[in-house]
Amino acid sequence: MRDIVSPESARWRRFVDSFELIVGVAGYELVIPPLLEDIGVFNRLGEATDVVTKEMYDFVDKGERHVALRPEQTASICRSFVQHRPTTPFKAWYSGPNFRYEKPQRGRYRQFDQVGVEVLGSLDPYVDIEVVQLGWSFLASLGLSRVELAINSLGEPDDRARYVAALNAYFLERTNELSPESQQTLTRNPLRVLDSKRSEDAAVIADAPLINSFWSDTAAAHFSTVCDGLTAVGVPYTIDLKLVRGLDYYRGTTFEFRGGTLDSAQNALGGGGRYDGLVADLGGPETPGVGFAIGLERTLLACDDEGVFPAADQSADVFVVDVCGGSVALEICTELRSLGIRTERSWDDRSMKSQMKSANRSGARFAVIIGEDEDQSDTAVIRDLRSDAEQVSVSRSNLAPTLKSRLSSLQGAV
Ligand code: HAM
């Protein structure tokens, strides 16, 4: 688990702000679920998933309750829905940390952040389209251009069950050709064997049966509407009939946003799909659901690789140098900051030379200097720290308007 320090911390904020902008105009409401829930909430993610069997941070609390740090937020949103029963369709967005006891590596951490949306209460394929389109638009809004969208359908529950049985039979026949890891996976969840990236499994996986032969007419029609809708709104996608996702609750549409620059084991920037049975599993009424989550760290790695969405320059606009005790700097900082000008100062009554050094180091564009003369004549000196222009003296009442106009003309020139 890591500290996120400046300037990366500010970039995280901006990432979530950008997400909020996009989902906010589409009518999604923020839900903030707790970090810790009863373990029962997460057991529904699947007894056959690593997330539940191997990676959960769970413990018994002082009240003898078996609880866990959330490994994701879809189950929490559904649990919250069951508890509060908002009107449907219920459109929620969220952000925040999740915890999985994984082997940490680039793009895979034990504490990681996600942004996501969930829509509860509609089977309409146009919800799937809206959700996928939101994820796509968000990634595009960051400036990413090497993202690929893979999409599939796991069919209706019966289709999925028949497919899993067929897949199991097929892999069992060729079990000797599978890697020992995949042989293990097969005993728990045949679908997940399709996810193996091991070269020894590739040939067996290549000939495996495909889900589309198992789709019911309803599932096929739903999927075809989703694909047509994505085409209509200009979201490019590839159908990947072997896309199965790591969590057991998926039914019908599943999808993944893959970063073009990352290692294939960690290239899923985000993913999601339908989970029409989860709310009922958690004790609520039969309520369909669809959503996605995008991993913040991985997506920022992809941004770095593509040279987009850089950390913003957080340097000050103005640095106030006051060699008369510091009270004038207090007044000037108060005035300039109230106008939204990023203003810094130094402390401890340091010398002019030392304060000028700090001013230069701060990255500020202008230094405002208050020496004895300025203090007595109620003036201030403005020095441009990034050009050779003559410094100017202005009256204190003119200081803020002058700085404001000089800063905005500089911004206009960018
Ligand atoms: P997930 O595929 O487990 O889905 O996670 C979504 C994204 O979270 C991944 O694509 C990845 O970017 C990020 N992520 C997952 N684990 C880690 C990790 N250990 N380190 C860094 N990033 C990670 C879900 O969580 C579902 N709740 C998505 C969903 C929402 N399905 C329907 N609604």
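First, a word on what this report is: a plain description of the structure on this page. (Residues numbered from 1 in each chain as written. Predicted model: local features only at pLDDT ≥ 70, side-chain atom pairs only at ≥ 80, totals over all residues. Heavy atoms only, no water.)

## A few points about the sheet that holds strand E8 (residues 238-239)
The strand order across the open sheet built from eight strands is E1-E5-E6-E11-E10-E9-E7-E8, with neighbouring strands paired in mixed fashion. Sheet topology places strand E1 (29-30) and E8 at the edges, where each strand pairs with a single neighbour. In terms of strand pairing, E1 meets strand E5 (residues 90-99) through two bridges, oriented parallel. Bridged to Glu29 within E5 is Ala92. (Pairing = 2+ DSSP bridges. Helix = DSSP H or I, 4+ residues; strand = E, 2+ residues; numbered from the N terminus.)

## Thoughts on the packing of aromatic side chains
For any two aromatic rings, the description comes down to two numbers: the centre-to-centre distance and the angle of the planes. By the definition in use, this model includes 14 aromatic pairs. Pairwise contacts between aromatic rings join Phe15, Phe19, Trp93, Phe138, Phe255, Phe257, Phe292 and Phe309 into one cluster. Seen from the ring of Tyr109, Arg2 lies directly overhead, with NZ or CZ sitting 3.9 Å from the centre. Seen from the ring of Phe309, Arg14 lies directly overhead, with NZ or CZ sitting 4.3 Å from the centre. (Phe/Tyr/Trp six-rings, centres within 6.5 Å; stacked < 30°, edge-to-face > 60°. Lys NZ or Arg CZ within 6 Å of the ring centre and 35° of its normal.)

## Some details on the site of the ligand
In the region of the ligand, 27 residues are neighbours, and Glu72, Thr74, Glu102, Arg245 and Tyr250 sit closest. Here Thr74 contributes a side-chain N or O atom positioned 2.8 Å from a nitrogen atom of the ligand. The separation between an oxygen atom of the ligand and a polar main-chain atom of Leu269 is 2.9 Å. Those elements giving two or more residues to the shell around the ligand turn out to be strand E6 (111-120), strand E10 (268-274) and strand E11 (289-295). By residue class, the composition of the shell around the ligand is 11 nonpolar, nine polar and seven charged. (Near = heavy atom within 4 Å. Polar contact = N/O pair within 3.5 Å; in protein donor to acceptor, adjacent residues only side chain to side chain. Nonpolar A, V, L, I, M, F, W, Y, C, P; charged D, E, K, R; others polar.)

## What to know about helix H4 (residues 74-84)
Extensive coverage of H4 is indicated by the burial of nine of its 11 residues. Those residues of H4 that sit buried are Thr74, Ala75, Ser76, Ile77, Cys78, Arg79, Ser80, Phe81 and Val82. At its buried positions, H4 is contacted by strand E2 (36-38), helix H2 (39-43), E5, E6 and helix H11 (278-281). Among the residues trailing H4, Arg85 stands out with phi positive, at a value near 45 degrees. (Buried < 20%, exposed > 50% of the residue type's maximum accessible area, 1.4 Å probe, protein only. Contact = heavy atoms within 4.5 Å.)

## Quick notes on the sheet that holds strand E15 (residues 379-384)
The five strands lie next to each other as E13-E12-E14-E15-E16, forming an open sheet whose pairing is mixed. Both edges of this open sheet fall to strand E13 (343-345) and strand E16 (392-395), since each of them pairs with a single strand only. Recorded for the sheet is a direction-independent mean angle of 30 degrees between the axes of neighbouring strands. Of the pairings in the sheet, the one linking strand E12 (residues 318-322) to strand E14 (residues 366-370) comprises five bridges and is parallel in character. Within E14, the position partnered with Asp322 by the bridge is Ile370. Contacts from helix H13 (residues 327-338) reach E12, E13 and E14, with the element oriented near 165 degrees to E13. Sitting on the sheet, helix H14 (residues 352-361) is in contact with E12, E14 and E15, with an inclination near 175 degrees to E12. (Axes fitted to C-alpha atoms, helices over the stretch in contact; angles between N-to-C directions.)

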